[in-house]
Structure formats: C-alpha cells, structure tokens
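One-letter residues, chain by chain:
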Amino acid sequence: NATSMGSIRQSGQQRSMGIEEKAMMKRFGVAIASAVAAAALFSLPGLAQDAERAKMTTEMDLHVTDLADGMLSPYLDKDEQTLMKSLAYQHAVALNCKGLSVDQAKSQAQLERVFPQAEMDKMTEEQQLAMTTSVMMGFSAVMGGQFAIAAVDYDAYCKAAEADFASKEGSDTHLILVKAP
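For the structure given in this document, a descriptive report is provided here. (Residues numbered from 1 in each chain as written. Predicted model: local features only at pLDDT ≥ 70, side-chain atom pairs only at ≥ 80, totals over all residues. Heavy atoms only, no water.)

The full count for this structure, using the stated rule, is four salt bridges. Of the charged contacts, one joins Asp69 and Lys85 as a salt bridge, the two residues approaching to 2.5 Å between their closest N and O atoms. Here Asp69, found in helix H3 (residues 50-72), pairs with Lys85, found in helix H4 (residues 78-96); they are 16 residues apart in sequence, far enough to count as distant. We note a salt bridge from Asp164 to Lys168, for which the minimum N-O separation is 3.3 Å. You can see Asp164 and its partner Lys168 sitting in helix H8 (residues 154-168), four residues apart, about one turn around the helix. For Lys168, a relative accessible area of 30% translates into the label partly exposed. (Salt bridge = Lys/Arg side-chain N within 4 Å of Asp/Glu carboxyl O. Helix = DSSP H or I, 4+ residues; strand = E, 2+ residues; numbered from the N terminus. Buried < 20%, exposed > 50% of the residue type's maximum accessible area, 1.4 Å probe, protein only.)

Bringing the nonpolar core into the picture now. Core analysis: the largest hydrophobic core is formed by 41 residues, its most contacted members being Leu76, Met84, Val93, Met131, Val135, Tyr157 and Leu177. If you list the elements that add at least two residues to this core, you get H3, H4, strand E1 (100-102), helix H7 (125-152) and H8. At eleven residues, the largest contribution of residues to this core is made by H7. (Core = buried A, V, L, I, M, F, W, Y, C linked by side-chain atoms within 4.5 Å.)

Along the polypeptide, Ser134 turns up in helix H7. Using a relative accessible area of 9% as the deciding quantity, one classes Ser134 as buried. Ignoring anything within four residues of it in the chain, the contact list for Ser134 reads Met71 and Tyr75. (Contact = heavy atoms within 4.5 Å.)

This is the structure we're talking about:
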C-alpha cells in the first residue's frame with residue numbers, strides 16, 4: 001500500500017530506508033545502466049529498423065516507469081506520481097530538444113504541489129530526507145530513462161516531444177515546457 005505524504009506527516013511515523021528500498025535502489029542502477037547500454041548499441045547506424053527501435057524504446061519507458069513508481073509510491077499518491085513523472089519527462093525533453101525549454105516558475109509551482117512547505121514543516125528531518133530522496137530518485141530515473149530513449153534517435157524523439165507539446169499547449173495544467181527563446 002502506498003503511503004501518501006500527508007498520512008506520513010499526520011501519523012508522525014518515521015521511515016528509514018529498509019532492505020526492500022535498498023534492493024530497489026540497486027535495481028534502479030542496473031536498469032539505468034542497461035537502458036544506456038541498449039541506447040548506445042541501437043543508436044549505431046543500421047543496427048535496428050524503426051519498428052525495432054519503437055518496440056525497444058517503449059519497453060525501456062515501461063521498465064523505467066515501473067522503477068520510478070516503486071520509488072514514488074511510498075510517499076506520493078497516484079496523481080502526485082503522475083505529476084512527478086510528467087515533470088521529469090519535460091525536463092528531459094528541454095535538455096534534449098533545442099526548440100523547447102522549461103519555464104522555471106511553472107516548474108517550481110508544480111514541485112510545490114508535491115513538496116508544500118507547510119506540510120514539509122510538519123515532518124521530522126529524517127522523514128523529509130527519506131521522502132525527498134525517494135521522490136527525487138524516482139524523478140531522476142524517469143529523466144535518465146528519457147535520456148537513453150532520446151539517444152536512440154534524437155530527431156524522432158524531439159519531433160514526438162514537439163508534437164506532444166503542441167497538443168497540450170494551453171490545456172495541460174502540468175505543462176512546464178515553453179518554446180525556447
């Protein structure tokens with residue numbers, strides 16, 4: 001069962017990293033290394049057709065998403081998990097694609113929805129550290145996965161990201177991407 005940040009704060013329970021979380025962190029490192037190695041291998045010209053690349057990148061995305069969910073779910077509800085994964089994806093897009101950048105004020109406002117200061121102040125330092133570490137590891141897993149996926153075919157990745165941005169511009173409350181100046 002997922003424990004939301006609010007219920008951790010209200011109960012006052014303290015959490016330290018257990019065996020399961022340590023194993024999850026180890027799996028995270030192996031998964032990112034595997035994703036980067038696969039991206040490097042399949043980005044070489046002529047080694048894979050478009051359909052194979054699409055299948056591979058979809059599998060990479062699903063695997064990294066599962067990993068991130070495992071890191072986020074002890075502290076965030078489903079909506080907050082979706083928000084963090086969306087923010088990580090958008091930050092990765094902005095770093096990979098020249099035509100888009102992150103609106104830092106919008107990004108900060110979205111992060112404050114997950115880490116509201118008034119709520120964080122109710123937590124012990126240990127609880128804050130455990131939550132922040134786990135959530136940011138989930139965020140980083142998604143970003144790392146997106147870097148590996150982008151490395152397979154930067155042009156296709158950025159075209160897809162630009163189309164995604166265009167379809168959401170003005171209608172998605174989580175959108176922090178803007179056209180680069």
